[in-house]
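Structural overview
Below are the chains, spelled out letter by letter.
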Amino acid sequence: MVRKLAVLLPAVACCTAAAAAVPRTAAADPVVYVGGDIACDPADPGYNGGDGTPTSCRQKATSDIIGGGGFDAVIPLGDLQYEDATLSKFQQSYDPTWGRFKAQTYPVIGNHEGTTAASGDGYCAYFGAAAHCNASGVQGGAGYYSVNIGAWHVVVLNSNCDAAGGCDVGSPQYQWLAADLAANPRACTLAAWHHPRWSSGEGGNNAFMQPIWQLFYADGGDLVLAGHAHVYERFAPMDGSGAVNWSDGMRSFVVGTGGVNFFPFVGPPGTGSEVRENTVFGAMRLVLHPTSYEWSFSPAAGGAFTDSGVQSCRALPDTVAPSAPARLSATAKAPKRVNLTWAGSADNVGVAGYEIWRGAPNGPMAPIATAAAPGFADTSVAAGKRYAYQVRARDAAGNVSAMSNADSVTTPTSSKRRRGTLLARWRLKRAVARRALARGRARIRARRWAPTVITVSVGGRVAATRKTRVKHALTLRLASWSKRHRYRHRTVVVTIRRPV
C-alpha cells in the first residue's frame, strides 16, 4: 500500500510552518498527552476557585495527570477556554492548569475560540507563534500547521471551516494538507482537529470534515484525534469512507474529557465505535514509536475508567534490504555433514530468513536451502569433497542482502574409526575385575602376537589403551574414573588387536 501520493499542490503561504523540534525529556520514544474541551469560564457557577465540581470545571484535575508524569508534548484538542476564550479568561482558567505545559503545547483551535475569520484573537494572543494565526492575530485563513514529534509527522488542522477558508476539496487548507503530506517521508502520521468526523456523542458526525478525512486517509494517515463532543470514544481502524478496515484503516479518538463538563451520547454506538465513556474526566497518553503507537486513557482523581492498546502504523512498501550476514564459518567433522554458523542480519522491519548458497571454491554458487535463523547443517554433501558457502538474508518484502563472506571446507573421507584385526577378547573374572578396579591397574597375560594394541574397557567405556611390541605380560594403569564406586561391579573386558 502506497502511503504518500505524488500530489504537488501549492502551499498556503500564511500557514506553511516549518516542522518544529519538540523539547525532549528523555531519549525514549516521545510521550504525548491529548485532551479537549478543557477550561471553564471563571464566571461559571461550577468554577469553584478553579477546583470545579464532580461534574464540571475539572481542568485542574486533568492537568495534574500530565504534571504527574514525564512527557514530551501536549496537544489540546480545541475549546480550550470557555465560554468565549478571551485572553483574560485564558490567563485566569487555562493558564494555571494546562497552561503549565505551554512551552510543550501544540494547540488546536475550537469553536469556543471563535468561528469567524475575524475571531480567535484571545487564542492567538495567548499561544503566540504556536497558534499559527494570521498577521492580524486572528484565525482567518490560518490556524493550521505541521510539526514533527519524534519519528512522527503531526498535522494540526482548523475545523472552523468558514474561518479557515474551507475544508472542502480545493480549499486553501485542503491544498496545504495535500502538499504537506506529499512532502512527508515519515512512516507514521497523526492529525488533530476539533470537530470529529465520527462520534456518537452530542455534536455527532461532522460531515464537513469528510474531504479532510478522505485526503488524510488516502495519503497514508494513521491516527486522528478530535474533541468537541464532551466524551471519550475510541473507533476501530476505518477507511476513507468510514467503513471498518482492520487491515488498512486509521483509528480515531474523541477525547473531549478535558474538564468542562459531559455530553450525553445520542443513540447507540456508531459504526466502528469500540469504547465510549461520558462520566469520567481525563486525558489520553500516547507513546509514539517509530512504526506504532500505544494509547492509554488516564482518569482524573476519583475516576475509575481506563482504556489502552497498541496499534501499528499502516503498511509502507518496504524497499530496504537487510544487512549482509557476517562471519560465516563452515566446519565438517563428518563425511556427509557441514555445519554453518554466521552472525545474523539486521533489517528495518525484520529478517524473514536466510538463503544458503553452495558451490566449488572459486566457482559459481547456487542456492541449496533456506534457514529461518542463523545456523544450518548441510547433509547433502559427499565424503572427501571440498565445498564453498555463502549466505544472504531476505525480508518479508522480498528484499535481499548482499552476500556474506565465503568460507570453504573439505569433508572427511570416512567417519568410521580405523581399527586393526581382532586377535583376542576376554572378560575378567568378577573377583579379578574387582581387584583391578580397586587398585587402578589391570594385569595383562603374555601373548603370542606382536605388535598389538591392548584396550581395557570398564562397563563399555575405554579405561586404558596401549600399543606394544612385546609379548610378555604387562600392567596397564586404568583411568582414575574407573575407581569410582559406581564402576566397582561393571564388566571389565580386554581386547587385543593388530595395529592398523
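Each chain carries its own residue numbering, running from 1 in the written order of its sequence. Note on the predicted model: pLDDT of at least 70 is required for a residue's local features to be given, and 80 or more for side-chain atom pairs to be given and counted; whole-chain, interface and lining totals, by contrast, use all residues. Heavy atoms from the whole structure form the basis of all side-chain values; hydrogens and water molecules are not counted.

Helix and strand assignments follow DSSP, with helices taken as H or I runs no shorter than four residues and strands as E runs no shorter than two, numbered in order from the N terminus. Each helix and strand in the chain was counted, giving 7 helices and 25 strands. Against the compact-globule benchmark of 23 Å for 500 residues, the chain has a radius of gyration of 38 Å, which places it well outside the compact range. Across its three principal axes, the chain shows a C-alpha extent of roughly 120 × 55 × 40 Å. The 500 residues of the chain split such that 51% are buried. Here a residue-residue contact requires only that any non-hydrogen atoms of the pair lie within 4.5 Å. Considering only intrachain contacts with a sequence separation of at least 6, the fraction spanning at least 24 residues in the chain is 68%. The protein chains shown are the only cover counted for residues, whose accessible areas, like all others here, come from Shrake-Rupley with a 1.4 Å probe. For the chain, the exposed area adds up to about 22100 Å²; of that, 52% sits on carbon and sulfur atoms. Neither His nor the chain termini are counted; the positive set is Lys and Arg, and the negative set is Asp and Glu. By convention, charge coordinates are those of NZ in Lys, CZ in Arg, CG in Asp, or CD in Glu. For the chain, the separation between the mean place of its 53 positive charges and that of its 32 negative charges on side chains is 52 Å. Here the globule rule is a power law, 2.2 Å times the number of residues to the power 0.38, and the radius of gyration is based on C-alpha atoms. Residue exposure (1.4 Å probe, protein chains only): buried if accessible area is under 20% of the type maximum, exposed if over 50%, otherwise partly exposed.

This part takes up the confidence of the model for the chain. Looking at any residue, its pLDDT shows the predictor's confidence there, from 0 to 100. Looking at the chain, pLDDT values average 91 and 93% of them are 70 or higher. Below pLDDT 50 for its whole length, residues 1-26 participates in 74 contacts with residues either more than four positions away or in separate chains.

What counts as a disulfide here is a pair of cysteine sulfur atoms lying within 2.5 Å. Tallying each qualifying case throughout the model produces 4 disulfides. In this model Cys188 forms its disulfide with Cys313; the gap between the sulfur atoms is 2.0 Å. Every disulfide takes its handedness from the sign of the S-S torsion; for Cys188 and Cys313 that torsion is 115 degrees, giving right-handed. Here Cys188, found in strand β5 (residues 188-192), pairs with Cys313, found in the loop between β12 (307-312) and β13 (326-334); they are 125 residues apart in sequence, far enough to count as distant. For Cys313, a relative accessible area of 12% gives the class buried. Among the cysteines of the chain that take part in disulfides, numbered as they appear in the sequence, the pairing is 1-2, 3-4, 5-6, 7-8.

This next bit is on the sheet that holds strand β25 (residues 492-497). With antiparallel pairing, the 4 strands of this open sheet are ordered in space as β20-β25-β22-β23. Either end of the sheet is taken by a strand with one partner, and the two such strands are β20 (422-427) and β23 (461-468). Across the sheet, the mean angle separating the axes of adjacent strands is 15 degrees when strand polarity is ignored. Relative to β25, strand β22 (residues 452-458) runs antiparallel, the two sharing 6 bridges. Of the residues in β25, the one forming a bridge with Ser457 is Val493. Any two strands with at least two DSSP-identified bridges between them are counted as paired. Orientation is described by axes fitted as lines to C-alpha atoms, over the contacting stretch for helices, and by angles from 0 to 180 degrees between their N-to-C directions.

Within the largest apolar cluster, 31 residues are counted, with the highest numbers of intra-cluster contacts made by Ile75, Leu225 and Leu286. Each residue touching Leu225, except ones within four places of it in the same chain, is listed here: Val34, Leu77, Leu190, Ala191, Ala192, Trp193, Phe253, Met284 and Leu286. Grouped together as the second largest cluster of nonpolar side chains are 27 residues, Val155, Tyr174, Ile212 and Tyr217 included. By nonpolar core we mean a set of buried residues, namely Ala, Val, Leu, Ile, Met, Phe, Trp, Tyr and Cys, connected to one another through side-chain atoms within 4.5 Å.

In this section: the side chain of Asp239. Residue position: Asp239 is located in the loop between β7 (232-238) and β8 (250-255). Despite being buried, Asp239 has no salt bridge partner; Arg314 is the closest side chain of opposite charge, sitting 9.1 Å away. Among the polar contacts made by the side chain of Asp239, one reaches the side chain of Ser241 at a distance of 2.9 Å. What counts as a salt bridge is simple: a side-chain nitrogen of Lys or Arg found within 4 Å of a carboxyl oxygen of Asp or Glu. In the analysis that follows, any N or O atom pair within 3.5 Å is treated as a polar contact, provided that within protein one partner can donate a hydrogen and the other can accept it, and provided that, for residues neighboring in sequence, both atoms belong to side chains.

Moving on, we get to the pattern of salt bridges. Counting across every chain of the model gives 11 salt bridges. Put simply, Asp41 and Lys89 hold a salt bridge, and the shortest N to O gap is 2.7 Å. Separated by 48 residues along the polypeptide, Asp41 in the loop between β1 (31-35) and α1 (59-67) and Lys89 in helix α2 (residues 87-94) bring together distant segments of the chain. In this structure, Asp64 engages Lys60 in a salt bridge whose closest nitrogen and oxygen atoms are separated by 3.5 Å. Pair noted here: Asp64 and Lys60 are both in helix α1, with a separation of 4 residues, about one helical turn. Judged by its relative accessible area of 38%, Lys60 is partly exposed.

Below, the discussion takes up the packing of helix α5 (residues 172-182) against helix α6 (residues 210-218). With their axes 10 Å apart at the nearest point, α5 and α6 run at an angle of 10 degrees to one another. Here α6 runs roughly parallel to α5, going by the angle between their axes. Contact with α5, carried on its side by Tyr174, Leu177, Ala178 and Leu181, involves Pro211, Ile212, Leu215 and Phe216 of α6 and no other residues of that element. Residue type decides the class: Asp, Glu, Lys and Arg count as charged, Ala, Val, Leu, Ile, Met, Phe, Trp, Tyr, Cys and Pro as nonpolar, and the leftover types, Gly among them, as polar. Grouping the amino acids of the contact of α5 with α6 by side-chain chemistry returns 8 nonpolar, no polar and no charged. With respect to orientation, any angle under 35 degrees is reported as roughly parallel, any angle over 145 as roughly antiparallel, any angle of 65 to 115 as roughly perpendicular, and every other angle as oblique.

Bringing the sheet that holds strand β2 (residues 73-76) into the picture now. Sheet strands pair by backbone hydrogen bonding; their relative direction is either parallel or antiparallel. Pairing within the open sheet is mixed, and its 5 strands lie in the order β2-β1-β10-β11-β12. Pairing within the sheet leaves two strands with one partner each, and these edge strands are β2 and β12. Direction aside, neighbouring strands of the sheet carry axes that sit 20 degrees apart on average. Pairing analysis gives 4 bridges linking β1 to β2, with the strands arranged parallel. By the bridge assignment, Tyr33 is partnered in β2 with Val74. Packing of α1 onto the sheet brings it into contact with β1, β2, β10 (282-288) and β11 (292-299), and relative to β10 it is tilted by some 25 degrees.

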